Amino acid sequence: MPERLGAPREAPLFRRLAIVGMGLIGSSIARAARRQNLAGSVVAADRDEGVCARVRDLGIADAVTADAAEAAHGADCVILCVPVGACGAVAKAIAPALEPGAIVSDVGSVKGAVMAQVEPHLPKGVQFVPAHPVAGTEDSGPEAGFATLFAGRWAILTPAYGTDPQAVEAVRALWEGMGSAVEIMSAPHHDLVLAITSHVPHLIAYNIVGTAADLERVTRSEVIKFSAGGFRDFTRIAASDPTMWRDVFLNNKEAVLEMLQRFNEDLSALARAIRWDDGEALYELFTRTRAIRRGIVSEGQDAPAPDFGRPRE
Ligand code: NAP
């Protein structure tokens, strides 16, 4: 998938695009939407006046407000870019301002819980098309965003049965306009797949860095000094936003716990292989995992160059 953006649209998709929550994802959408002519105007909302001031300074939206309902008023598309656990409250706040025919979407990393929180608040005639861009970095805030964040990445849509197909197509066109490839699946399937590809890996990173931090009291600075041995790569993931990830785990409990149980069983099998000098089992697994890495590179989901945490000379 190409990581560059294509040509901007000749005519915008939406008249007024409102983005609620101007962090990494919200500010990246604002930048991409303006660059790609996806909306006649982009209106940004963030509850924090300080964030609003920074968004104004960055010049990435046509209007900025701390009032989400004010941003949603007259918008034909509103995207919720707040942590998963805050989506219900934001939907409730904007509901009275939504006009019939408007589309509401989101970017939450969990879909089932967001749909359950948001849908009850939306007035009749408003279509909800949940979305999840499978793209991000460990940074937060409006300065962290960039227009090409979603280019060459997947965006997953999980519309409920009966959602107006035109609304789904409009949200698909929005993500395609930002360079993403779009896939549609059910919310439970999304939550299960993302539990193993994203949520559990983050939990493992948080856990291993936490364990090392405890050990560091014993080993002093050696954990940091020799971190390039593999630990450093976990620290990058474990630096991800604490609020966002707390909400992901609390809202995708079932799938994460199911995958974690499988993970624990496999880890026990590995421990047994080490204890009983079963080199064949270790070699067989490590060969299979190497092939998975090659598959990810050949599908364009990562660069083939070795990443030692610094550019190669
Ligand atoms: P972020 O940079 O931390 O931005 C989140 C924004 O939401 C901030 O402006 C924050 O304002 C606001 N917010 C937080 N709690 C709120 C509340 N209770 N009510 C209203 N606004 C609130 O986070 P992000 O990385 O953009 O993540 C936003 C969403 O994208 C999350 O649902 C996440 O699951 C999803 N997502 C993230 C990634 C990723 O890699 N980061 C990838 C895909 C999807 P304050 O500064 O005042 O807290």
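So, a few notes on the structure that sits alongside this text. Please read all numbers here as calculations on a predicted model, not as lab measurements. Per chain, the residues get numbers from 1 upward, laid out in the order the sequence is written. It should be noted that, the model being predicted, local features are given only for residues of pLDDT at least 70 and side-chain atom pairs only at 80 or more, the latter also being counted only at that level, while totals for whole chains, interfaces and linings use all residues. The side-chain values count all of the structure's non-hydrogen atoms but skip hydrogen atoms and water molecules.

When helices and strands are counted, the chain shows 12 helices and 9 strands. Just to be clear, the radius of gyration here is over C-alpha atoms, and the globule rule we use is 2.2 Å times residues to the power 0.38. Taking 2.2 N^0.38 as the reference for a compact globule, 313 residues should give roughly 20 Å; the C-alpha atoms of the chain span a radius of gyration of 21 Å, in line with that estimate. With the C-alpha coordinates aligned to their principal axes, the bounding extent of the chain is approximately 65 × 45 × 40 Å. When each of the 313 residues of the chain is scored for burial, the buried share is 42%. Sequence separation of 24 or more characterises 76% of the internal contacts of the chain that already satisfy a separation of 6 or more. Carbon and sulfur atoms make up 55% of the accessible area of the chain, which totals about 17000 Å². In summary, the charge assignment counts Lys and Arg as positive and Asp and Glu as negative, without counting His or the chain termini. By convention, charge coordinates are those of NZ in Lys, CZ in Arg, CG in Asp, or CD in Glu. Computed over 31 positive and 39 negative side-chain charges, the separation of the two mean positions in the chain equals 3 Å. Strands here mean DSSP runs of E at least two residues long; helices mean DSSP runs of H or I at least four residues long; both are numbered from the N terminus. Note on classification: 1.4 Å probe, protein chains only; a residue is buried when its accessible area is under 20% of the maximum for its type, exposed when over 50%, partly exposed between these limits. We call two residues in contact whenever any of their non-hydrogen atoms come within 4.5 Å of each other. We get accessible surface area from the Shrake-Rupley algorithm with a probe of 1.4 Å; when it comes to residues, only the shown protein chains can shield them.

The rule for pairing is simple: two strands pair if DSSP sees at least two bridges between them. In space, the 3 strands of this open sheet follow the order β7-β8-β9, with mixed pairing throughout. In the strand order of this sheet, the two ends are held by β7 (131–133) and β9 (181–184), each with one partner. Recorded for the sheet is a direction-independent mean angle of 20° between the axes of neighbouring strands. Angles run from 0 to 180 degrees between N-to-C directions of axes, and those axes are lines fitted to C-alpha atoms, restricted for helices to the stretch in contact.

For the rest of this paragraph, the subject is the sheet that holds strand β3 (residues 63–65). Read across the open sheet, the 6 strands follow the order β3-β2-β1-β4-β5-β6; overall the sheet is parallel. At either margin of the open sheet sits one strand with a lone partner, and together these are β3 and β6 (127–129). Going from strand to strand, the sheet's axes swing by 20° on average, the running direction of each strand aside. Sheet topology places strand β2 (residues 39–45) next to β3; 3 bridges connect them, and they run parallel. Note on β3: the bridge partner recorded for Val-43 is Ala-63.

With respect to the helices, strands and loops of the structure, Lys-111 is situated in the loop between β5 (103–106) and α5 (112–118). Given the relative accessible area of 0%, Lys-111 is considered buried. As used in this structure description, the phrase polar contact means that two N or O atoms lie within 3.5 Å; if the pair is within protein, one of them must be able to donate a hydrogen and the other to accept it, and residues adjacent in sequence are counted only when both atoms belong to side chains. At 2.9 Å, the side chain of Lys-111 forms a polar contact with the backbone oxygen of Ala-131. When sequence neighbours within four positions are dropped, the list of residues in contact with Lys-111 reads Asp-106, Pro-130, Ala-131, His-132, Thr-158, Ala-187, His-190 and Asp-191.

Here the focus is helix α11 (residues 253–275). An expected span of 1.5 Å times one less than the residue number is assigned to each helix. In this model, α11 (23 residues) spans 32 Å end to end at C-alpha, consistent with the 33 Å of a helix rising 1.5 Å per residue. Those residues of α11 not exposed but buried are Ala-255, Val-256, Met-259, Leu-260 and Ala-273. Structurally, α11 contributes buried residues whose contacts are with α7 (187–219), α10 (242–251) and α12 (279–298). After α11 finishes, the residue Asp-277 shows a positive phi value of roughly 55°.

Moving on: the nonpolar core. The set of buried Ala, Val, Leu, Ile, Met, Phe, Trp, Tyr and Cys residues whose side-chain atoms join them within 4.5 Å is what this entry labels a nonpolar core. If you look at the biggest cluster of nonpolar residues, it comprises 41 residues, and the most contacted ones within it are Ile-29 and Trp-175. Of all the secondary-structure elements, those providing two or more residues to this core are β1 (14–20), α1 (24–35), β2, α2 (49–58), β4 (77–80), β8 (154–157) and α6 (165–177). Dropping the residues within four chain positions of it, Ile-29 is found in contact with Leu-17, Ile-19, Ile-79, Cys-81, Val-107, Phe-150, Trp-175 and Met-178. Within the second largest apolar cluster, 38 residues are counted, among which are Val-78, Val-104, Met-115 and Ala-195.

Bringing the packing of α11 against α12 into the picture now. Running from N to C, α11 and α12 point in directions that differ by 135°, and their axes come no closer than 8 Å. The angle between the axes of α11 and α12 places the two elements in the oblique class. Residues Leu-270, Ala-273 and Ile-274 of α11 form the contact with α12, whose own contacting residues are Ala-281, Leu-282 and Leu-285. Taken together, the residues of the contact of α11 with α12 break down into 6 nonpolar, no polar and no charged. Reported orientations rely on four angle classes, namely roughly parallel under 35 degrees, roughly antiparallel over 145, roughly perpendicular from 65 to 115, and oblique for the rest. Gly is put with the polar residues, along with every residue not named as nonpolar or charged; the nonpolar set is Ala, Val, Leu, Ile, Met, Phe, Trp, Tyr, Cys and Pro, and the charged set is Asp, Glu, Lys and Arg.

This part is about the packing of aromatic side chains. Pairs were defined over the aromatic rings of Phe, Tyr and Trp, the Trp ring being its six-membered one, requiring ring centres within 6.5 Å. Orientation was assigned from the angle between planes: stacked under 30 degrees, edge-to-face over 60, tilted for the rest. This model, assessed by the stated rule, comprises 2 aromatic pairs. Ring centres of Trp-245 and Phe-249 lie 5.8 Å apart, and the angle between their planes is 40°; on these two criteria the pair is classed as tilted. Pair noted here: Trp-245 and Phe-249 are both in helix α10, with a separation of 4 residues, about one helical turn. Since its relative accessible area comes to 6%, Trp-245 is described here as buried. A relative accessible area of 17% places Phe-249 in the buried class.

Geometric values such as these leave the question of function open.
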